[in-house]
Amino acid sequence: MAKGHAFQIGFQVRGGRFSIDSGAISKAVRSWPDCDGVLTLDTEDKRSSAANRYLWGPVYDQIHAYTGQDKEDIHDEMCARFTAETISRIDPRSGEIVEFEVVRRTSGMKVRRFHKFVEDVKLFAQEFFGLTFEDAPDDVRREYERAAAREKEQSA
């Protein structure tokens, strides 16, 4: 496939049947040059609501109790600290490289990335506020372990 041409689209599997919006794919690749490509189908391991409850419950509750800061503000700050990244692009008018910082949210994070985010938040609060946290519930811990095992299996 020509470098720089990529497209990502979700799909569903229900009852062993595959469903995808082929019209959206055709529309997305209409401007591509003739080329060959590879289609890879992979399942997403999104974090569970239990993992989300652990972050917004025991972790953010304790930080809130110590700082008095609203939990939404805590989350905004933690996202700014641990998910910010610099994106570069070329301005088509001037040819100059333009850089800007974006802060990612946690809603679309897969299991391993979300687990790292939670651990970063806990470590920050331990170092700066002296807080300690209860361990994640067993179901959240097992979710992370399964995702880590799948990732390791796929990379082997």
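A short tour of the structure in this document, coming up. This is a predicted model, so every value here is computed, not measured.

Quick notes on the packing of helix α2 (residues 49–67) against helix α4 (residues 111–129)
Right, so step 1: Relative to each other, α2 and α4 sit at 15°, their axes nearing to 11 Å. Overall, the two elements α2 and α4 adopt an arrangement that is roughly parallel. As for the relative orientation of α2 and α4, their crossing is left-handed in sense. Here Ala-51, Asn-52, Tyr-54, Leu-55, Val-59, Tyr-60, Ile-63, Tyr-66 and Thr-67 of α2 come into contact with α4, specifically with Phe-114, Phe-117, Val-118, Val-121, Lys-122, Ala-125 and Phe-129.
Right, so step 2: When the residues that make up the contact of α2 with α4 are grouped by side-chain class, the tally is 13 nonpolar, 2 polar and 1 charged.

Things to note about the environment of Lys-46
Right, so step 1: In this structure, Lys-46 sits in the loop between α1 (22–29) and α2.
Right, so step 2: Among the residues examined, Lys-46 registers a relative accessible area of 48% and is labelled partly exposed.
Right, so step 3: As a C-alpha pair, Lys-46 and Ala-147 span 101 residues in sequence and 9.5 Å in three-dimensional space.
Right, so step 4: When near neighbours in sequence (up to four residues on either side) are disregarded, Lys-46 contacts Met-109, Lys-110 and Val-111.

A word on a nonpolar patch on the surface
Right, so step 1: Nonpolar side chains collect at one region of the surface, where Val-13, Phe-18 and Ile-20 lie side by side and expose about 240 Å² of accessible area between them.
Right, so step 2: As for its placement among the helices and strands, Phe-18 is situated in strand β2 (residues 17–19).
Right, so step 3: Phe-18 sits in the partly exposed class, given a relative accessible area of 44%.

Some remarks on empty space enclosed by the protein
Right, so step 1: Tallying each qualifying case throughout the model produces 1 cavity of 30 Å³ or more.
Right, so step 2: One number sums up the size of the largest cavity: a volume of about 100 Å³.
Right, so step 3: Around the largest cavity sit 13 residues that line it, and Ala-51, Phe-114, His-115, Val-118 and Val-140 are the ones nearest its centre.
Right, so step 4: Broken down by secondary-structure element, the contributors of at least two residues to the lining of the largest cavity are α2, α4 and α5 (138–155).
Right, so step 5: No other element matches α4, which puts 6 residues into the lining of the largest cavity.
Right, so step 6: Grouping the amino acids of the lining of the largest cavity by side-chain chemistry returns 8 nonpolar, 1 polar and 4 charged.

Details of the nonpolar core
Right, so step 1: In terms of nonpolar packing, the biggest core is built from 20 residues, with Val-59, Tyr-60, Ile-63 and Phe-117 touching the most fellow members.
Right, so step 2: No other element matches α2, which puts 7 residues into this core.
Right, so step 3: Tyr-60 has contacts with Leu-55, Lys-71, Ile-74, His-75, Met-78, Phe-117 and Val-121, leaving out every residue within four places of it along the chain.

A short note on the environment of Val-121
Right, so step 1: Following the sequence through the fold, Val-121 ends up in helix α4.
Right, so step 2: Classification of Val-121 as buried rests on a relative accessible area of 0%.
Right, so step 3: On a C-alpha basis, the gap between Val-121 and Arg-89 in space is 30 Å, while along the polypeptide they are 32 residues apart.
Right, so step 4: Once residues lying within four places of it in the same chain are set aside, the contact partners of Val-121 are Val-59, Tyr-60, Ile-63, Met-78 and Phe-82.

Parameters at a glance
- Residues numbered from 1 in each chain as written.
- Predicted model: local features only at pLDDT ≥ 70, side-chain atom pairs only at ≥ 80, totals over all residues.
- Heavy atoms only, no water.
- Axes fitted to C-alpha atoms, helices over the stretch in contact; angles between N-to-C directions.
- Helix = DSSP H or I, 4+ residues; strand = E, 2+ residues; numbered from the N terminus.
- Parallel < 35°, antiparallel > 145°, perpendicular 65-115°, else oblique.
- Left-handed = near helix turned anticlockwise from the far one by under 90°.
- Contact = heavy atoms within 4.5 Å.
- Nonpolar A, V, L, I, M, F, W, Y, C, P; charged D, E, K, R; others polar.
- Buried < 20%, exposed > 50% of the residue type's maximum accessible area, 1.4 Å probe, protein only.
- Patch = residues over 30% accessible without salt bridge, like charges linked within 9 Å, V, L, I, M, F, W, Y side chains within 5 Å.
- Areas by Shrake-Rupley, 256 points an atom, 1.4 Å probe, with all protein chains shown as cover.
- Salt bridge = Lys/Arg side-chain N within 4 Å of Asp/Glu carboxyl O.
- 1 Å grid on protein atoms, 1.4 Å probe; cavity = no way out; pocket = protein on both sides within 12 Å on 5 of 7 lines; lining within 4 Å.
- Points joined across faces, edges and corners; volume = space filled by probe spheres on them.
- Core = buried A, V, L, I, M, F, W, Y, C linked by side-chain atoms within 4.5 Å.

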